[in-house]
Structure formats: C-alpha cells, structure tokens
Amino acid sequence: MLLIPCPYCGDRPEIEFRGGGEAHIARPRDPQAVDDQAWAEFLFYRTNPKGLMAERWNHAHGCQRWFNALRDTVSDRILESYRMGEKPSGGGSS
Amino acid sequence: MLEIAKEAARAAALDPDAATPAIAPMPPATRFALRMRPETATEIGSVAGFQLDLPINRASLGPRLAARLGPNEWLLIAEDGETEAIEAEIASALGERFHALVDISHRNVGLSVRGAQAADMLNAGCPLDLSTDALPAGSATRTLLGKAEIVLIHEDDAPTYRVECWRSFAPYVHGFLQEAARDFDGG
C-alpha cells in the first residue's frame, strides 16, 4: 500500500487520505473584476505535468488536516509534504 | 443540557453478553470532542484532569482519558454520569478562550480488544503499523477498520487496545473483529 507522509502524523496508509487536486491555485481576490477567461482558468485549467506536481491532500481519516505534497506523477513517489501556507523545500513547480 | 445526555447509559448499542475474552463492548462513558487552538493547549496544560499538551496522536491514560487526534482536536473520555460536571469545569477553566466543546457520549461506542493476538485482529481491517515501535502504548489515532472510521487507543502492552467507533458503526466493527478473531485464539 502506498504510504503518504502527513506533516502532522507521519507516514500513513493511502486509504486514510483524500486527494484535493493541484495546489497553490489562488482564487482571484475580486471575482467581479476578472474576465470570463481568467475565471475559467481559475476554475478548470490545471497543469497536469509529467513529473513533479504540488497537490493538496486531506488526511480525512486521521488528523483531518489539509496539507500539500510534492508528487512525481511518473513514479507516484511523494517527495515531501508540507503544511498549508508553507513552500516546498525541494525544487517544486509550485 | 439536552435529555440525550443520559441516552448512552439507557440504550446499549451492543449486547454486553456478546463479549468474548478478546473483544468486549465497554460500558457507557462520558465523551467530549474538544477543539481549540494549539497555543491554548500549551498555555493551560491540562483542564479538569485531562492533560492536553500532548504530542499529536498521543493520549494521557487513566480514568480521565485525553487523546490528541490532531493539532487542534482532542477526544476526552471519562466515567459515565460526569458529563455535566466536566462540562462546567472545562467551561470555567477555559473562560473566554476560543474553543468548542461537544458532548459525544452517545455518538461513540467503545470496544476493548486485548490479548496476544489483538494487533493481528485489528490488522485484519486496519492497515496501520501496530508494532510497538510505530504505535507504542499511549498512542491514539483516528484510522480505518474495514469500511468504518475508528479511533484506536493503545492502552498498554498486555496488549490492550480501545476501539472507539460511531454508534451506528458498532455492530459492523464488532462483527468485523469477531470474524477476524476466528482466525486466532480469541474467537
């Protein structure tokens, strides 16, 4: 079973987690001020890289905290995880 | 306090006669979910006999058991019938500090799992590493057992585990463990 490192609980089995998609996507501060294209990009456009990707994860059946993880989409290896509001220490594509 | 406060003692979720040496439903208890800022816990240390300044996923055992399930979440367990006294004690100790205290006595059911095969029985449905290196006595964490969410508290090295699950999950969790126990001496 894949182990996911929770920044609060340590390595935990993947079934305790819920994925939350790409991380570090900021909501436009004033949604009324952006045009349809910018709003559509915020809602629907994701990078889907082959390689390193920063993702949000929720330790749903554990501490129930959200955190970010840096995952290699080719090998499915998680290189590091870090708390919300923090930056990855390794070379991330955040 | 709502009338439901005494409901846990009145209607047992599981038949106490269904106990086996290895798996036994525990008597009704007073339980609280306490949420507050981590800094507040560090500041006050303990409240109403519950030690709160614990590392995440650790518990302070005893008649008043406190388990830290996350950075800002604690599960408090005490003897049945103390609900109102504890609630008043915590409310006065915390005063104006930002917190949420919810009575969940009736929501949860406790199961005691013990014996040499206890970890194997739990591992039938729980993928956590239950070796004493990874989960020493005094650990407590929320996790999964089969399809049900449980809180697993490792009480001592007998070993004894306390499994807390939601009331509606109790027959499933109990049945699951009994099924697992068939593979071992506990059945």
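For clarity, every value in this text was computed on a predicted model and none was experimentally measured.

All names here are of chain B. Judged by nonpolar contacts, the single largest core of 26 residues is most densely connected at L122, L130, L152, Y161, V163, V173 and L177. The set of elements that each furnish at least two residues to this core consists of strand 9 (108-114), helix 4 (118-123), strand 11 (148-156), strand 12 (160-166) and helix 5 (170-181). Among the elements that take part in this core, helix 5 stands out by supplying five residues, more than any other. What V163 contacts, discounting residues up to four positions off in sequence, is V109, G110, L111, V113, L122, I150, V151, L152 and V173. Within the second largest apolar cluster, 15 residues are counted, among which are A48, L52, W74 and I90.

What follows is about the pairing of strand 11 of chain B. Residues and elements named next belong to chain B. With seven of nine residues buried, strand 11 is to be regarded as a mostly interior element. Sheet topology places strand 10 (residues 140-145) next to strand 11; six bridges connect them, and they run antiparallel. Across the sheet, residue L144 finds its bridge partner in strand 11, namely E149. Between strand 10 and strand 11, which pair antiparallel in sequence order, lie two residues; one of them, G146, sits at a positive phi of approximately 60°. Here strand 11 runs beside strand 12; their pairing, made up of six bridges, is antiparallel. Each residue of the ladder has a partner; that of I150, found in strand 12, is C165. The hairpin turn running from strand 11 into strand 12, its antiparallel successor, is three residues long.

Before going further, it helps to examine the sheet that holds strand 8 (residues 99-103) of chain B. Residues and elements named next belong to chain B. Reading across from one edge, 5-6-7-2-8 is the order of the five strands in this open sheet, with antiparallel pairing throughout. A single partner strand is all that each edge strand has here, and the edge strands are strand 5 (59-60) and strand 8. In this sheet, strand 6 (residues 65-70) lies alongside strand 5 in antiparallel orientation, the contact comprising two bridges. Looking at strand 6, one finds that A59 is bridged to A67. Across the sheet, helix 3 (residues 83-94) is in contact with strand 2 (29-36), strand 7 (73-79) and strand 8; its angle to strand 2 comes to roughly 20°.

Each value, and the rule that gives it
The numbering scheme is per chain: residues are counted from 1 as the chain's sequence reads. Here chains are named by letter from A upward and ligands by number from 1 upward, in the order in which they appear as written. The predicted origin of the model limits local features to residues at a pLDDT of at least 70 and limits the giving and counting of side-chain atom pairs to 80 or more, whereas totals for whole chains, interfaces and linings rest on all residues. Here the side-chain values reflect all heavy atoms present in the structure, with hydrogen atoms and water set aside. Among the buried residues, those of types Ala, Val, Leu, Ile, Met, Phe, Trp, Tyr and Cys that are joined through side-chain atoms within 4.5 Å form a nonpolar core. Summary of the burial criterion: residues with accessible area below 20% of their type's maximum are buried, those above 50% are exposed, and those between are partly exposed, where the area comes from a 1.4 Å probe applied to protein chains only. Secondary structure elements are taken from DSSP: a helix is a run of H or I of four residues or more, a strand is a run of E of two residues or more, and numbering for both begins at the N terminus. By the convention used here, residues are in contact when the closest approach between their heavy atoms is within 4.5 Å. Two strands qualify as a pair provided that DSSP identifies no fewer than 2 bridges between them. What counts as an axis is a line fitted to C-alpha atoms, over the stretch in contact for a helix, and the angles between N-to-C directions run from 0 to 180 degrees.

Distances and angles like these do not, on their own, reveal function.
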